[in-house]
Amino acid sequence: MDQHQLQPPKGAKRSRIRRGRGNASGKGTYSGRGLKGQKSRSGGKVRPGFEGGQIPLIRRLARKPGFRNPSRVEFQAVNLRDIAARFEAGAEVDAAALAAVRLIDGPDEPFKVLADGELGHALTVRAPRLSAAAKEAISAAGGSFEELAPAVKRVRNRIHRRREGS
């Protein structure tokens, strides 16, 4: 066996590319950095979104005010008018029943019962949320309701307190 016949074993890791070690290496001269500019220099790191001092795209487009909460849960609205039209007296109205009559998208979707319309007969309503007026209307019609996931009212302290002694 001669020296030119030696090979690494199958599955051996290839060595990393050694840049800037002369033109014979294939990665010499500019070492894959191109010619001039900030990214060709040593320590020429540029943060993501940096456009060389020009107003960045995120600042050019972000003109709409306000805040859109990504973790917001959007409840589908179900009116008492629609429930009264589709369910008979004494029926039990829950997510599966509302999904069956296509008032909500699916049985696992969050929904809120609103008091728009008249309820002429007694129903048993089980919903994640009910408006206060809907609760009164259901009770007035002789029905009953159960709120499965009532809204939690959190008190937020908006007073900006100063540090003591300033």
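Before reading on, note that the structure itself is shown above.
Presented here is an overview of the structure given in this document. (Residues numbered from 1 in each chain as written. Predicted model: local features only at pLDDT ≥ 70, side-chain atom pairs only at ≥ 80, totals over all residues. Heavy atoms only, no water.)

## Section: the sheet that holds strand 2 (residues 92-93)
Where strands meet in a sheet, backbone hydrogen bonds hold them as pairs that are either parallel or antiparallel. Pairing is parallel across the open sheet formed by three strands, whose spatial order is 2-4-6. Taken across any chain shown, the strands that pair with only one partner, and hence form the sheet edges, are strand 2 and strand 6 (144-147). Note that strand 2 and strand 4 (residues 124-127) share two bridges and pair parallel. Of the residues in strand 4, the one forming a bridge with Val 93 is Val 125. Sheet strands touched by helix 4 (residues 132-140): strand 4 and strand 6. Its angle to strand 6, the strand with the most contacts, is close to 150 degrees. (Pairing = 2+ DSSP bridges. Helix = DSSP H or I, 4+ residues; strand = E, 2+ residues; numbered from the N terminus. Contact = heavy atoms within 4.5 Å. Axes fitted to C-alpha atoms, helices over the stretch in contact; angles between N-to-C directions.)

## A look at the pairing of strand 3 (residues 111-114)
For a regular strand, the rule is simple: side chains alternate between the two faces of the sheet. Here strand 3 shows one buried face, formed by Phe 111 and Val 113, and one open face, formed by Lys 112 and Leu 114. With four bridges joining them, strand 1 (residues 76-79) and strand 3 adopt parallel strand pairing. Directly across from Asn 79, in strand 3, lies its bridge partner Leu 114. Pairing geometry for strand 3 and strand 5 (residues 129-130), over two bridges, is parallel. Looking at the pairing, Val 113 lines up with Leu 130 of strand 5. (Buried < 20%, exposed > 50% of the residue type's maximum accessible area, 1.4 Å probe, protein only.)

## Digging into unusual backbone geometry
With phi around 50 degrees, Thr 29 is a residue other than glycine that occupies positive phi space. Here Thr 29 lies in the segment before helix 1 (57-61). Judged by relative accessible area, which is 60%, Thr 29 ranks as exposed. For Ser 31, which is not glycine, the phi dihedral falls at a positive 60 degrees.

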